[in-house]
Amino acid sequence: MAAHPGGLTAAAAVQIRDLHRSFTDDRPVLSGLDLTIAPGEFVALLGRSGSGKSTLLRALAGLDRVAKDGNSKDGDASGSGDVTVPEQVSVVFQDSRLLPWQRVLRNVVLGLQGPGALRRGKEALAEVGLAGRERAWPRELSGGEQQRVALARSLVREPELLLADEPFGALDALTRIKMHGLLRALHERHRPAVLLVTHDVDEAIVLADRVLVLEGGVVKTERRIDLDGTRDPSDPRFAAVRTELLAALGLAGGAEIKENP
Amino acid sequence: MTDLKAATARPVVVPPVDDEELAAGRASRPRGRRRLGPGRPIRLGFLIGPLLLLGVWIWGSAAGWIDPRVLTAPWTVAATAWDLWESGRLGPDLLVSARRFALGLAFGVAAGLVLALVSGLSRWGEAIVDGPVQIKRSIPNLALLPLLLLWFGIDERMKIITIALGVLIPIYIHTHNGLRSIDGRYAELAETLRLRPAAFVGRVVLPGALPGFLLGMRFAVTSSWLSLVVVEQVNATSGIGYMMLLAGTYGQTDVIIVGLVLYALLGLASDSIVRLVQRRALSWRRTLED
C-alpha cells in the first residue's frame with residue numbers, strides 16, 4: 001500500500017481532479033474536490049449531512065450521469081472534473097438492494113457470466129458466512145444477513161474499487177460490530193481500494209487506513225489512521241483520533257454526535 | 001428483579017405477562033385482541049361463495065320458491081346437460097368455444113405483453129403505444145363488432161381477433177403499471193452491476209412486473225369468456241353461445257341455464273388456475289394474501 005497516496009499517481013486506483021457537482025438549485029455540492037486513492041487503500045469519508053459524501057460516491061460509481069461536457073444526460077446533477085476509476089467497480093448501498101424475487105445465490109451472481117459463475121457465487125456466500133442459505137429468499141434473512149449477501153455480490157466481481165454508501169447505517173450496534181470485522185477480513189483477503197461513506201466516526205477509525213472529512217465541497221481534513229493491531233475504542237490513542245475528527249466535523253471536545261443522524 | 005418476583009409470590013393459575021409469556025411459548029396474543037389483516041388462508045375457500053349460491057338455488061327450487069319457468073331447477077339443468085352431452089350436441093360446441101377462448105387469450109396476452117414492454121421500457125414506445133391502447137380501452141368490443149365483421153368476415157378469425165382485443169387491454173394496463181412501479185433503485189443497481197439490457201429485462205423488469213401481469217391475467221381470462229359470449233351470440237353457427245341463442249328462440253330455459261352454468265364453471269376454473277399460478281410464482285412475496 002502506498003504510504004503517500006498523492007505520490008503514486010500512475011498506480012492510483014482512484015484519481016479525482018477538480019471535481020464540481022451541483023444540483024438543479026445551483027447550490028454547489030462539490031467545488032473543486034481532489035482525491036487520490038491508492039490500490040488496496042481503505043478510505044473512509046466523513047461529513048455532515050448534505051456535505052456531498054453521497055454525491056462524491058455517486059460520481060465515482062457513474063450513477064449521476066454527468067457526461068464529459070458537464071451536462072447531465074437525464075439525471076439532475078451537473079458539473080465538471082476528471083474522474084479516473086478502475087475497470088471493476090462495485091457498489092454496496094445502505095439498503096442491501098437485493099432483488100426480492102430472486103433467491104440469495106441468484107442475487108449474488110446477478111449479471112455474472114461464464115460457467116463458473118454459480119460456483120464463485122457459492123464461494124462468495126461462504127466467505128461472508130452464509131453457506132447453505134443459497135436457496136433462501138431475501139425476505140427470509142435478517143438485515144445483517146441481507147447486507148452480507150450484498151457484500152458477497154460486490155466481492156464476487158473481484159472489484160478493484162469498492163464503494164460503500166453507509167453500508168451498516170441501518171444495522172443495530174451489535175451486528176454492525178460483527179460486520180466491521182467481516183469487512184476488514186474481506187479487505188485483507190481481496191485488497192480492493194475502498195471508499196466508505198459513513199457518519200459513524202468510530203466506524204471510520206476502526207476500518208480505514210485514512211479518514212477524510214468533507215466540508216464545503218472539498219476534503220477539509222485528512223487523517224491517516226496509524227493505530228496498529230486491533231483498533232480498540234477504549235484505547236487512548238483511538239480516543240485522541242476520535243476527538244480530532246469530531247473537532248473537524250465541528251463538534252468540539254468529542255461531544256456526542258447528534259448532528260448527523 | 002428476582003426480589004420482586006419472590007415478593008409477588010404469584011399463584012400458578014395467574015397467566016404470566018409479556019416477555020415471560022413469549023418465553024413460555026404460549027399464545028403471545030392477549031385474549032380479546034384480534035390480529036389485524038385477514039388471517040390465515042382457508043383451504044379451498046374460493047369455493048365457499050359459489051357453493052353457497054348453489055345451495056340457495058337448490059333449496060329455493062326444492063321448496064318451490066323459484067318458478068321453474070323463470071329459473072330451472074338444478075337437477076333439471078343437470079339432466080338437460082347430460083342429455084345434451086349424450087346426444088352429442090354439447091361436446092363439439094364446448095370444444096369450439098374452448099378453442100376460441102384459448103386462441104383469443106393466447107394472442108391477446110402476447111400482444112398485450114409486447115405492447116406493455118415496448119411502452120414501459122422506452123419513452124418513445126410509450127408515446128406511440130399508450131394513446132391508442134387507452135383509446136381502444138374506451139371503445140367497447142361490442143361497438144367494434146360491426147367493423148370487425150366487415151374486415152374479417154364471420155369466420156373464426158374475426159372471433160379470435162375480437163377476443164384478443166378484449167384480452168389485450170387488461171394485460172397491457174396491469175403489466176405496464178407493474179413495470180413502472182418497479183423500484184428505480186433496482187435500475188441503479190443494475191447499472192452498477194453493468195447488467196446487459198437483455199439481462200435487465202429478464203432478471204429485473206419481467207419478474208418485477210409479474211405481480212401486475214398476473215393481476216391483468218385474472219381480468220384477461222374473465223374478459224376472454226365475456227368476449228366469447230358476445231361473438232358467439234352475434235354471428236355464430238356453433239359454440240355454447242350459439243346453443244343458448246337457439247334455446248332462447250325455442251324457450252328452452254334449461255338449455256340456457258346449462259350454457260350459463262358452463263360459462264360460470266369455465267370462468268371460475270380458469271380464474272382458479274391463474275390464482276394458483278399467482279401463488280406459486282409470487283412465493284417470494286409476503287403480503288396480506290398469505
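Here, every reference points to the structure presented above.
Residues numbered from 1 in each chain as written. Chains lettered and ligands numbered in written order. Predicted model: local features only at pLDDT ≥ 70, side-chain atom pairs only at ≥ 80, totals over all residues. Heavy atoms only, no water.

## Considering the packing of aromatic side chains
Move 1: Under the definition given, this model contains 5 aromatic pairs over all chains.
Move 2: Here the aromatic rings of Trp101 of chain A and Tyr186 of chain B are separated by 5.5 Å at their centres, their planes lie at 70°, and the arrangement is edge-to-face. In this pair, Trp101 of chain A sits in the loop between strand 5 (89-92) and helix 2 (104-108) while Tyr186 of chain B sits in helix 9 (residues 184-192), so the two residues belong to two different chains.
Move 3: In this structure Tyr186 of chain B comes out as buried when scored by relative accessible area, which is 11%.
Move 4: An aromatic cluster is present here, built from Trp101 of chain A together with Tyr186 and Trp284 of chain B joined pairwise through their rings.
Move 5: In this arrangement the basic side chain of Arg97 of chain A is found over the ring face of Phe93 of chain A, its NZ or CZ atom lying 3.7 Å from the centre. (Phe/Tyr/Trp six-rings, centres within 6.5 Å; stacked < 30°, edge-to-face > 60°. Helix = DSSP H or I, 4+ residues; strand = E, 2+ residues; numbered from the N terminus. Buried < 20%, exposed > 50% of the residue type's maximum accessible area, 1.4 Å probe, protein only. Lys NZ or Arg CZ within 6 Å of the ring centre and 35° of its normal.)

## Details of the pattern of salt bridges
Pairs may arise between side chains of opposite charge once their charged atoms sit close together.
Move 1: On inspection of all chains with the given rule, the structure shows 25 salt bridges over all chains.
Move 2: One salt bridge connects Arg97 of chain A with Asp95 of chain A, and the closest N-O pair in it is separated by 3.1 Å.
Move 3: The class for Arg97 of chain A is buried, based on a relative accessible area of 8%.
Move 4: The exposure class of Asp95 of chain A is partly exposed, given its relative accessible area of 22%.
Move 5: We note a salt bridge from Arg275 of chain B to Asp271 of chain B, for which the minimum N-O separation is 3.6 Å. (Salt bridge = Lys/Arg side-chain N within 4 Å of Asp/Glu carboxyl O.)

## Digging into a nonpolar patch on the surface
All names here are of chain B.
Move 1: Residues Leu44, Phe46, Leu47, Leu51, Leu54, Ile58 and Trp75 make up a contiguous nonpolar surface patch of about 630 Å² in total accessible area.
Move 2: The leading source of residues in the nonpolar patch is helix 3 (residues 48-62), at 3 residues.
Move 3: Tracing the sequence through the fold places Leu51 in helix 3. (Patch = residues over 30% accessible without salt bridge, like charges linked within 9 Å, V, L, I, M, F, W, Y side chains within 5 Å. Areas by Shrake-Rupley, 256 points an atom, 1.4 Å probe, with all protein chains shown as cover.)

## Side note on the interface of chain A and chain B
A common way to express how large an interface is: the accessible area buried when the components associate.
Move 1: The interface of chain A with chain B comprises 22 residues on the first partner and 19 residues on the second.
Move 2: Buried area between chain A and chain B, summed over both chains or domains, comes out near 2,100 Å², and the portion from carbon and sulfur atoms is 56%.
Move 3: Interface area lost by chain A to chain B is led by Arg97, Trp101 and Arg139 of chain A, which between them contribute 33%.
Move 4: Taken together, the connections running from chain A to chain B amount to 4 salt bridges.
Move 5: The shortest N-O distance in the salt bridge between Arg58 of chain A and Glu188 of chain B comes to 3.1 Å.
Move 6: Summed over the shared surface of chain A and chain B, the result is 9 residue pairs in polar contact (both at pLDDT 80 or more).
Move 7: Counted by class, the side of chain A that touches chain B contains 10 nonpolar, 3 polar and 9 charged residues. (Contact = heavy atoms within 4.5 Å. Buried area = accessible area lost by both parts, 1.4 Å probe. Polar contact = N/O pair within 3.5 Å; in protein donor to acceptor, adjacent residues only side chain to side chain. Nonpolar A, V, L, I, M, F, W, Y, C, P; charged D, E, K, R; others polar.)

## Considering the sheet that holds strand 2 (residues 28-37) of chain A
All names here are of chain A.
Move 1: Taken in spatial order, the 3 strands line up as 2-1-4 in an open sheet, and their pairing is antiparallel. Two strands lie at the open edges of the sheet, namely strand 2 and strand 4 (78-84), each paired on one side alone. Pairs of neighbouring strands in the sheet enclose a mean axial angle of 5°, with direction left out of account.
Move 2: Bridging between strand 1 (residues 14-22) and strand 4 involves 6 bridges; their strand directions are antiparallel. Within the sheet, the bridge partner assigned to Arg21 lies in strand 4 and is Gly79.
Move 3: Running over the sheet, helix 1 (residues 53-61) touches strand 1, strand 2 and strand 4 and is turned about 120° from strand 1. (Pairing = 2+ DSSP bridges. Axes fitted to C-alpha atoms, helices over the stretch in contact; angles between N-to-C directions.)

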